[in-house]
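Residue-level structural notes
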Amino acid sequence: MFEKVNGKVVKVNVGMAGGVAARTGAMLFYTGDVSFAPHQIPGGQAMGGGGGLMRMAGRMMAGEHERTMLAQGTGEVHYGFAGLEVHVVHLQSGAMLRVEASRLLANTAGLQSSIVSVVSSGGGGGGGGGLMGALRGAATGALTGQGMFTTQLSGQGSAVLLAHGGFLELQVGGPNPIVVDPQAFVAAYGNVQTELKTALSWRDAVGRGAGEAMQLHCVGQGVVYVQASEEKL
């Protein structure tokens, strides 16, 4: 549904796509009868209530989630952001895409979306859920430069990823895990489990580069998208 115009711009027929959710500021221009309205991904306010720690985790989640706008109508919209490289992913039924919030440009509105912790996603184990998982995610995020939360998309449709310096597509499914620097990680597609690991103590890890302190281990079946840079978007 999304079509690349060049390496940094995509276009989409909003009517045929059934609506498009895109990060605020990504719309470059459009033709036709298109309207735009604020859009909220489910999960962004999930921890907003409760006690002080729960409210803190909720504020972290809301702060990391990029604000989005929903485009509807009949027309064609061109999207791009900050001159970054773009890559289109077509989701098949039953597959799942987990993408860093800052690295998601747009997606078709029919996809089911939510916000989840990145400490251990896709059943990788060890991360824990709820408040403790969220707080552990805050600690690992501070060390690695990776966000505390990630956007999860599923269903049939398309999404557009962003990267600094271009994309690498790494096939997951061999006898050994794919080990990625968290700052270079963009997204994982398919049945991919991710888990942050370290060979250093938390005290030793502080002040070191993410590649030295923490690694993101990816196993299962699918594809991991990595940007050719450790530049944080």
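Residues numbered from 1 in each chain as written. Predicted model: local features only at pLDDT ≥ 70, side-chain atom pairs only at ≥ 80, totals over all residues. Heavy atoms only, no water.

What follows deals with the environment of H78. Among the secondary structure elements, H78 is positioned in strand 5 (residues 68-79). For H78, the contacting residues outside a window of four places in its chain are V5, V9, V10, K11, A26, M27, L28 and F29. (Helix = DSSP H or I, 4+ residues; strand = E, 2+ residues; numbered from the N terminus. Contact = heavy atoms within 4.5 Å.)

Another aspect to go through is the pairing of strand 6 (residues 85-91). Along strand 6, five of the seven residues are buried, which leaves the element largely enclosed by surrounding structure. Sheet analysis places strand 6 next to strand 12 (residues 157-163), joined by seven bridges and oriented antiparallel. If you follow H87 over to strand 12, its bridge partner there is L161. (Buried < 20%, exposed > 50% of the residue type's maximum accessible area, 1.4 Å probe, protein only. Pairing = 2+ DSSP bridges.)

This part takes up a nonpolar patch on the surface. Taken together, the side chains of M27, L28, F29, Y30 and F36 define a hydrophobic patch exposed on the protein surface, amounting to about 430 Å² of accessible area. With respect to the helices, strands and loops of the structure, F36 is situated in strand 4 (residues 27-39). What makes F36 partly exposed here is its relative accessible area of 30%. (Patch = residues over 30% accessible without salt bridge, like charges linked within 9 Å, V, L, I, M, F, W, Y side chains within 5 Å. Areas by Shrake-Rupley, 256 points an atom, 1.4 Å probe, with all protein chains shown as cover. Salt bridge = Lys/Arg side-chain N within 4 Å of Asp/Glu carboxyl O.)

Quick look at the confidence of the model for the chain now. Of all residues in the chain, 68% have pLDDT values of 70 or greater, and the mean over the chain is 79. Predicted confidence in the chain is weakest over helix 3 (residues 130-144), with a mean pLDDT of 45, and strongest over strand 2 (residues 9-13), with 98. Note that residues 44-50 has pLDDT below 50 and, in this model, 18 contacts with residues that lie over four places away or in other chains. Note on residues 53-64: pLDDT under 50 across the span, and 31 contacts to partners over four residues away in sequence or across chains. (pLDDT = per-residue confidence, 0-100.)

Turning to the environment of Q183, a few remarks are in order. By secondary structure assignment, the location of Q183 is in the loop between strand 14 (178-180) and strand 15 (185-197). With relative accessibility at 23%, the residue Q183 sits in the partly exposed group. Considering only alpha carbons, one finds Q183 and E231, 48 residues apart in sequence, at a separation of 7.1 Å.

Despite not being glycine, A82 has its phi angle at roughly 55°, a positive value. Mapped onto the fold, A82 is located in the loop between strand 5 and strand 6. Here A82 falls in the exposed class, since its relative accessible area comes to 65%.

Sheet topology places strand 2 next to strand 5; four bridges connect them, and they run antiparallel. What sits directly across from V10, in strand 5, is Y79. By the bridge criterion, four bridges tie strand 3 (residues 20-23) to strand 5 in an arrangement that is antiparallel. Counted as the bridge partner of R23 is T68 from strand 5. Note that strand 4 and strand 5 share twelve bridges and pair antiparallel. Looking at strand 5, one finds that H39 is bridged to T68.

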